[in-house]
Amino acid sequence: SQQGEEDPQALSIQEGENATMNCSYKTSINNLQWYRQNSGRGLVHLILIRSNEREKHSGRLRVTLDTSKKSSSLLITASRAADTASYFCATALYSGGGADGLTFGKGTHLIIQP
Amino acid sequence: EAQVTQNPRYLITVTGKKLTVTCSQNMNHEYMSWYRQDPGLGLRQIYYSMNVEVTDKGDVPEGYKVSRKEKRNFPLILESPSPNQTSLYFCASSSIGLAGAYNEQFFGPGTRLTVL
């Protein structure tokens, strides 16, 4: 079953504003990954944060991870029209036998209004 | 260029006519997987493979088969397609890091399948 769930499902903001989306997951993880998808295209990897990391930056992206709350957030600062896309978090469920496949949530659809 | 290729990109077929969607990666990745994407349901995993001859079911494996005879290829087979398999399909691959953690996934461009 899907391990991660993004929130909100949709978000519309003005260009230049910051966008924050959240991901909650169910069990222990090795890492959590964020991806972007432009309409109908393949997903593109944005950032990977390991379970022993609390915050990570990449350009205008900032990802936090709170393993005690089993949640992560993705912040996009100074949004641009080109940031309009769907954003997904991905995690793997780890059991005694190792990792299951990497699963994705349903995504947050972000719209940047010019 | 490091990439995941899928073929065909678009396919319209009829119920019951067997089809195969190919997936190939040139990055020597151990992990490969198939997803289907439907409106409002996000990406759902169909099958995945941790290495050659090792495959496992994902969340929605019914009606699909896979094989992993070579490290670079991971074809998705629909033995008897039905209209509810109309969807956008993605193949992905990645290396596997320490403690079995999945690294960055590389996605193919997608295959849009319509079953009439």
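So, how was this worked out
- Residues numbered from 1 in each chain as written.
- Chains lettered and ligands numbered in written order.
- Predicted model: local features only at pLDDT ≥ 70, side-chain atom pairs only at ≥ 80, totals over all residues.
- Heavy atoms only, no water.
- Pairing = 2+ DSSP bridges.
- Helix = DSSP H or I, 4+ residues; strand = E, 2+ residues; numbered from the N terminus.
- Axes fitted to C-alpha atoms, helices over the stretch in contact; angles between N-to-C directions.
- Contact = heavy atoms within 4.5 Å.
- Buried area = accessible area lost by both parts, 1.4 Å probe.
- Salt bridge = Lys/Arg side-chain N within 4 Å of Asp/Glu carboxyl O.
- Polar contact = N/O pair within 3.5 Å; in protein donor to acceptor, adjacent residues only side chain to side chain.
- 1 Å grid on protein atoms, 1.4 Å probe; cavity = no way out; pocket = protein on both sides within 12 Å on 5 of 7 lines; lining within 4 Å.
- Points joined across faces, edges and corners; volume = space filled by probe spheres on them.
- Nonpolar A, V, L, I, M, F, W, Y, C, P; charged D, E, K, R; others polar.
- Disulfide = S-S within 2.5 Å.
- Buried < 20%, exposed > 50% of the residue type's maximum accessible area, 1.4 Å probe, protein only.

1. What about the sheet that holds strand β7 (residues 61-66) of chain A?
Residues and elements named next belong to chain A.
Point 1. Read from one edge to the other, the open sheet built from five strands follows the order β1-β3-β8-β7-β6, with strand pairing classed as antiparallel. Whereas interior strands pair on both sides, the edge strands pair on one side only; in this sheet they are β1 (4-7) and β6 (55-58). When strand polarity is set aside, the average angle formed by the axes of neighbouring strands in this sheet is 20 degrees.
Point 2. Taken together, the six bridges between β7 and strand β8 (residues 71-76) define a ladder with antiparallel strand orientation. Counted as the bridge partner of Val63 is Leu74 from β8.

2. A short note on the interface of chain A and chain B
Point 1. Contacts between the two partners involve 24 residues from chain A and, on the opposite side, 25 residues from chain B.
Point 2. Roughly 1,700 Å² of surface becomes buried between chain A and chain B when both sides are summed, with 52% attributable to carbon and sulfur atoms.
Point 3. The three residues of chain A that bury the most area against chain B are A:Leu43, A:Leu102 and A:Phe104, which together make up 24% of that side's buried surface.
Point 4. The tally of links between chain A and chain B comes to zero salt bridges.
Point 5. Run the count over chain A and chain B and you get eight residue pairs in polar contact (both at pLDDT 80 or more).

3. Structural notes on the sheet that holds strand β3 (residues 19-25) of chain B
Point 1. With antiparallel pairing, the four strands of this open sheet are ordered in space as β1-β3-β8-β7 (chain B). Two strands close off the open sheet at either side, each with one partner strand: β1 (4-7) and β7 (65-66) of chain B.

4. Quick notes on the environment of A:Asp66
Residue and element names in this part refer to chain A.
Point 1. Tracing the chain through its elements places Asp66 in strand β7.
Point 2. Along the primary structure Asp66 and Ala10 are separated by 56 residues, whereas in three dimensions their C-alpha atoms are 22 Å apart.
Point 3. Excluding residues within four positions of it along the chain, Asp66 makes contact with Tyr25 and Ser71.
Point 4. Side chain to side chain, Asp66 and Ser68 meet in a polar contact 2.5 Å long.

5. Quick look at the layout of surface pockets
Point 1. Estimates place the volume of the largest pocket at around 460 Å³.
Point 2. Every residue lining the largest pocket is counted, 22 residues in all, and those nearest its centre are A:Gln37, B:Gln37, B:Asp38, B:Pro39 and B:Gly40.
Point 3. Going through the elements one at a time, β9 (85-95) and β11 (108-113) of chain A together with β4 (31-38), β9 (87-94) and β11 (111-115) of chain B are the ones with two or more residues in the lining of the largest pocket.
Point 4. Looking at side-chain class alone, the lining of the largest pocket contains five nonpolar, 14 polar and three charged residues.

6. Structural notes on the state of the cysteines
Point 1. Within this structure, the stated rule accounts for two disulfides over all chains.
Point 2. Put simply, A:Cys23 and A:Cys89 are joined by a disulfide, and their sulfur atoms are 2.0 Å apart. On the sign convention where negative is left-handed, the bridge of A:Cys23 and A:Cys89, at about 65 degrees about the S-S bond, is right-handed. Of this pair, A:Cys23 sits in strand β3 (residues 19-25) while A:Cys89 sits in strand β9, and the two are 66 residues apart along the sequence.
Point 3. For A:Cys89, a relative accessible area of 0% translates into the label buried.
Point 4. Each disulfide pairs two cysteine sulfurs, and for B:Cys23 the partner residue is B:Cys91, the sulfurs being separated by 1.8 Å.

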